[in-house]
Amino acid sequence: MLSVVITAHHDDKACYLTAFAVKAQLERANLEHEIIVVSDGGAETKWANQKVRGLGVNTGSPQLTRDAGIRASKFPNVLVVESHVIVSDIEMLLARHLGHGAALTFPMRRAEGTEMFDVYGHETDWNGNLWHKRLIYQRVSEWPYRVAQFGHSCFILDRGWYLSSGGYTTLMRGWGGEEPFLCLKAWMLGRECWMVPSVWHAHYLTSGGPDRTATADFVLNMDILAYVIAGRRRPGRDLGPAVEAERQRICAGPFGGDVNLLRA
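Residues numbered from 1 in each chain as written. Predicted model: local features only at pLDDT ≥ 70, side-chain atom pairs only at ≥ 80, totals over all residues. Heavy atoms only, no water.

A. Just the nonpolar core, in detail. Among the nonpolar cores identified, the biggest contains 48 residues, and L104, F106, L157, C193 and I229 are the most heavily contacted of them. No other element matches helix 6 (residues 216–230), which puts 8 residues into this core. Filtering out sequence-adjacent residues up to four positions away, L104 remains in contact with H97, H152, F155, I156, L157, W161, L182, A186, E192, C193 and W194. Residues A8, V22, V81 and I90 belong to the second largest nonpolar core, which totals 24 residues. (Core = buried A, V, L, I, M, F, W, Y, C linked by side-chain atoms within 4.5 Å. Buried < 20%, exposed > 50% of the residue type's maximum accessible area, 1.4 Å probe, protein only. Helix = DSSP H or I, 4+ residues; strand = E, 2+ residues; numbered from the N terminus. Contact = heavy atoms within 4.5 Å.)

Here it is as structure tokens:
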């Protein structure tokens, strides 16, 4: 059984292709499933004509759009995929996810962006902002391996763990910070993230555009990430009691809130 959440933001054409690519795979595998299209800024009632559930939201935020879809899902495992993504083997990805008992399981990224490079992992910036320091372009192993974090354009997650852990914090707004937040939260609470290199997802990533890392939302999100996961607080920044509660959740985990123990 698998729930599929496809997130879209004014991307009808790509969403159409992603949905039918997913639908064809799951029907061929005879796997019990549901598909939910979550459209940020749209009302997706037309998908009902294809027995696909449409959910219209107004979040302005990729993590909040994903969160809405995950919470609306009914099955214990959820494939979350962006509307400009194609996955090579959903059935294999699910099997590996279940076999390793992972919180999150990722396929590698094939032919990403206009330069069409392959990505097999991230090196985490442990001493900096906890996001990726650099991408890993060379194959690491033929077999699945654990990763500290990976991008969230496509992944399978344990929905029960997601709900019990609080998942993406709704305290983050706009773009950025949610990928290391959810992955490192999984590790700090005693769960694992896995990469399955034999399964790929083609991630159409455009280059250029405004620098979203300069926005106030991004800066706040990274401050929340740094404090919740590693206890690092910017001088003079009061993040409030809700963020403090998230930090205490991490401190109650097996690493006691010490990200250096996890790194080791």
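B. The packing of helix 6 against helix 7 (residues 241–251), seen in detail. Between helix 6 and helix 7, the least distance of the axes is 7 Å, while the angle of their chain directions is 35°. Contact residues: I224, Y227, V228, I229 and A230 in helix 6; V243, E244, E246, R247 and I250 in helix 7. When grouped by side-chain class, the residues that make up the contact of helix 6 with helix 7 number 7 nonpolar, no polar and 3 charged. (Axes fitted to C-alpha atoms, helices over the stretch in contact; angles between N-to-C directions. Nonpolar A, V, L, I, M, F, W, Y, C, P; charged D, E, K, R; others polar.)

C. View of the pattern of salt bridges. Applying the stated criterion across every chain, the model contains 15 salt bridges. Among the salt bridges present, the one from E27 reaches K23, with a minimum N-O distance of 2.7 Å. Residue E27 and its partner K23 are both found in helix 1 (residues 12–28); the two are separated by 4 residues, about one turn of the helix. Put simply, E178 and R66 hold a salt bridge, and the shortest N to O gap is 3.0 Å. (Salt bridge = Lys/Arg side-chain N within 4 Å of Asp/Glu carboxyl O.)

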